[in-house]
Amino acid sequence: LPAVNVSNYVFAIIWSMALLTVIRCVQQPQIFILFLWGFIFLSLSRFISILLLPLNPPSSLIELKDPLSNTFYGSKFITKDLFYSGHTATQFLMFLSFFGTLFLIK
């Protein structure tokens, strides 16, 4: 498959999910606590994997350009984190936080 820049679509999904997470965290603070603990462990595991497994990006890599957060932290891209995607991992963590609280709250 040819490489195509889908940054706008990806970040529309990511920021929509982040907004939904904020709304749900206001409604149920337990979701925020669960997400926060999960994000701490996720970040630590990403830091460790970047240190231990710095994989070189493929030559045809298309960097995702976030139109919102690039204005705050600049346009420096981390490309040695290809062991697992932080974008995908965070989205999945949000999903787990939503459904995890269904079983934790009684």
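Structure: see above.
Remember, predicted model here, so these are calculated numbers, not experimental data.

Asker: For the overall build of the chain, give the residues involved together with the corresponding values.
Answerer: Tallying secondary structure elements over the chain gives four helices and zero strands in all. In the chain, which comprises 106 residues, the proportion classed as buried is 25%. Of the contacts formed within the chain by residues at least 6 apart in sequence, a portion of 86% connects residues at least 24 apart. Of the roughly 7,900 Å² that the chain leaves accessible, carbon and sulfur atoms contribute 74%.

Asker: Just give me the short version of the side chain of Q91, but keep the residues and values in it.
Answerer: Mapped onto the fold, Q91 is located in helix 4 (residues 86-104). The class for Q91 is buried, based on a relative accessible area of 16%.

Asker: Can you break down the environment of A3 residue by residue, with the values?
Answerer: Looking at where A3 falls in the secondary structure, it is placed in the segment before helix 1 (7-27). Separated by 59 residues in the primary sequence, A3 and I62 have C-alpha atoms spaced 7.3 Å apart. If we skip the residues at most four places from it in the chain, A3 touches S60 and I62.

Asker: Explain the nonpolar core residue by residue, including any values.
Answerer: One finds M17, A18, C25, I31, F35, L42, A89, L93, M94 and F98 forming the largest nonpolar core, which totals 10 residues. Secondary structure elements with two or more residues in this core: helix 1, helix 2 (29-52) and helix 4. Take this core: its biggest share by element is four residues, from helix 4. Here M94 is in contact with M17, A18, T21 and F35, once residues within four sequence places are set aside.

Conventions used here
Residues numbered from 1 in each chain as written. Predicted model: local features only at pLDDT ≥ 70, side-chain atom pairs only at ≥ 80, totals over all residues. Heavy atoms only, no water. Helix = DSSP H or I, 4+ residues; strand = E, 2+ residues; numbered from the N terminus. Buried < 20%, exposed > 50% of the residue type's maximum accessible area, 1.4 Å probe, protein only. Contact = heavy atoms within 4.5 Å. Areas by Shrake-Rupley, 256 points an atom, 1.4 Å probe, with all protein chains shown as cover. Core = buried A, V, L, I, M, F, W, Y, C linked by side-chain atoms within 4.5 Å.

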